[in-house]
Amino acid sequence: MCGVAKGSVRGGLLLGLAVVVALAATGVWNPFPGLWDWVDRSEPISEPDVVWQQRVGGTPRSVTIAGDAVVVEQRTRVEARSLATGAQLWERKADWAAVAGGDRDPVVAVGKLLVKGYELLDPTTGVTRRRDDDAVAVWTYRNLLLDARCTDATDCTLSAWDPRGTAPLWTAFLPGVHSGLLADNPGLRGTRRLTANRIDDGVAGAEAAPPLLGFPVDGRVHVVDTATGRVLQNVEPARDERLSVVGGRLLRIAARSQDGTCYFAISARDSATGQEAWQRAGVNLRTADSAGCVQREDPQGARNVLIGVAPDGREAVIDGYDGRLLWVGESGTKLIAVDDRSAVFRAADKRSVIARELGTDKVLWTRQASGKAGAALTPYAVVVADEKPSRLAALDPRTGRELAALRTSANALAVGSQGMIIGEGREIGYVRFVGAAGGSSTRPPGDGGNPRPGGTDPGGPDNDDCGPKGELCPDPGGGKDG
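All chains use their own residue numbering, which begins from 1 and follows the written sequence. The model is predicted, so local features are restricted to residues of pLDDT at least 70 and side-chain atom pairs to those at 80 or more, both for listing and for counting; the totals for chains, interfaces and linings are taken over all residues. Remark: hydrogens and water are excluded; side-chain values derive from all non-hydrogen atoms of the structure.

Enquirer: Would you take a moment to explain the nonpolar core for this structure?
Expert: Nonpolar side chains in soluble globular proteins generally cluster together in the buried interior. Remark: nonpolar core denotes a set of buried residues (Ala, Val, Leu, Ile, Met, Phe, Trp, Tyr, Cys) joined through side-chain atoms within 4.5 Å. Any residue under 20% of the maximum accessible area for its type is buried, any over 50% is exposed, and the rest in between are partly exposed; the area is computed with a 1.4 Å probe on protein chains only. Among the nonpolar cores identified, the biggest contains 23 residues, and I199, A394, V415, M420, I422, V431 and F433 are the most heavily contacted of them. Secondary-structure elements contributing two or more residues to this core are β31 (382-386), β32 (391-395), β33 (402-407), β34 (411-415) and β35 (419-424). In this description a helix means any DSSP run of H or I spanning at least four residues, a strand means any run of E spanning at least two, and both kinds are numbered starting from the N terminus. Among the elements that line this core, the one with the most residues is β33, at 3 residues. Whether two residues are in contact is decided by their heavy atoms: any pair within 4.5 Å suffices. If near-sequence neighbours (up to four positions away) are discounted, V415 is found in contact with I65, V203, T378, Y380, A381, V383, M420 and F433. Counting residues in each nonpolar core, the second largest holds 20 residues, with A172, V177, L182 and V224 among its members.

Listed below in structure tokens is the structure:
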């Protein structure tokens, strides 16, 4: 009897499965998509839950908030999703993608490796706004887009565009551009950002173009004024030097090996005259390795500031424009994030992180954190990542007020005026900042749109976006900085 019962049950199950398959095949009723959705349902990537969570087509290489869209760059394609709902807006085949423009007028540059040219797409619709068939490299900024096209290896033209413009603002000649696979944002001679675990290097999005850019070409550095396109200097470094363009100055960083250690000296040159503007010795900018003091890296820093280490081991933040010491850490403190307004560092007791205004003794805020906490400064929020337990927090840069606090092992991928994108694997989600529903209380200084090339809002040195010495804003009198 037991054998008969078991056989009857097995037969009934097989008959039922056959009926379901027949109904699905004829289109009458198909339970499988819903069943698969249930099996494949993703767990929330944070607690509290995100506003929306979506699985994208591949592991993101970069994620950028562009106006009302979220642009997700993957290995062989790029897609955009609605910032409000996470729904896919469009998708394109592309090997690289980069966002230029401000909050009000962003564009997405896309292209293919080993193929000249690029397209500029509207981030919301995916419609092509401008197409180029000749460029070999593109650099994207909040207020500017640069591209380079070469008729041969030693004959290149650099052009500057308003992100949504249809005609170049200026063009300049360069005897070649950096070799290799160029695509989007190939390396220039500037600074290296501090990095942190679980915070993407591009979390802050595009920045305003600095007043000067340093293009490495055949062992020399060509210094270009981003406001006019003039090539101001064409410099070959000495054997023990590395050149870097920071804060409107060309830095000549010398590293000399002696007595089993490296001795450093910095000489900052005026962009127009080549005359020395300031110099400082004995500060290690972390450009050299231990093998003969060969300098293979750009100095650490951000915007127009540098990070150095004094002979006594204390870290310091230096103004690239005039050489001032803007912050010097105490013994045991560790700098984890910096821009040209503030520094965030771990306290010597490794129990908290502290934000301090550069150039003053003013402590902006203090927050409890472990000795492994990392951070990143963006225009809208300071992101702090901590471990054991895993946490992500977004804080108001000036007050330390919590804009978001998450229990999550996900990474912080992008920060905007209203919230941030976090992600883990192929899952991404949107976290809205506290108090952001009726408009952002975290908008940075300036209009949040497009500052002028080579500067920011035309407000002069009193505008926070102009840098400590006003070097990022046009001179009302029309002169150059000196």
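Enquirer: In this structure, what is going on with the pattern of salt bridges? I would like to understand it.
Expert: Oppositely charged side chains may form a pair once their charged atoms are brought near each other. In the sections that follow, a salt bridge refers to a side-chain nitrogen of Lys or Arg positioned within 4 Å of a carboxyl oxygen of Asp or Glu. For the structure shown, the criterion picks out 27 salt bridges. Linking E402 and R367 is a salt bridge whose minimum nitrogen-to-oxygen distance equals 3.0 Å. Of the two residues, E402 is situated in strand β33 and R367 in strand β29 (residues 363-368); the sequence distance between them amounts to 35 residues. Residues participating in the shared-partner salt-bridge network are R193, E207, R303 and D340.

Enquirer: Help me understand the packing of aromatic side chains in this model?
Expert: For any two aromatic rings, the description comes down to two numbers: the centre-to-centre distance and the angle of the planes. Here a pair means two rings of Phe, Tyr or Trp (six-membered ring of Trp) with centres within 6.5 Å. Their orientation is stacked below 30 degrees between planes, edge-to-face above 60, and tilted elsewhere. A complete count under the given rule lists 3 aromatic pairs for this structure. Between the aromatic rings of W52 and Y430, the centroid separation amounts to 6.3 Å while the plane-to-plane angle is 25 degrees, which identifies the pairing as stacked. With W52 in strand β1 (residues 52-55) and Y430 in strand β36 (residues 427-432), the pair connects residues that are 378 residues apart, well separated along the chain. Ring centres of W327 and F345 lie 5.1 Å apart, and the angle between their planes is 35 degrees; on these two criteria the pair is classed as tilted. A residue pair is termed long-range when its members are at least 10 positions apart, and W327 in strand β25 (residues 325-328) and F345 in strand β27 (residues 342-346) qualify at 18 residues. Comparing W327 with F345 shows no difference in burial state: the two are buried. The positively charged end of R130 is found above the aromatic ring belonging to W161, 3.6 Å away from the centroid. Here, a charge over a ring is recorded when the distance from Lys NZ or Arg CZ to the ring centre is within 6 Å and its angle to the ring normal is within 35 degrees.

On their own, these measurements won't tell you what the molecule is for.
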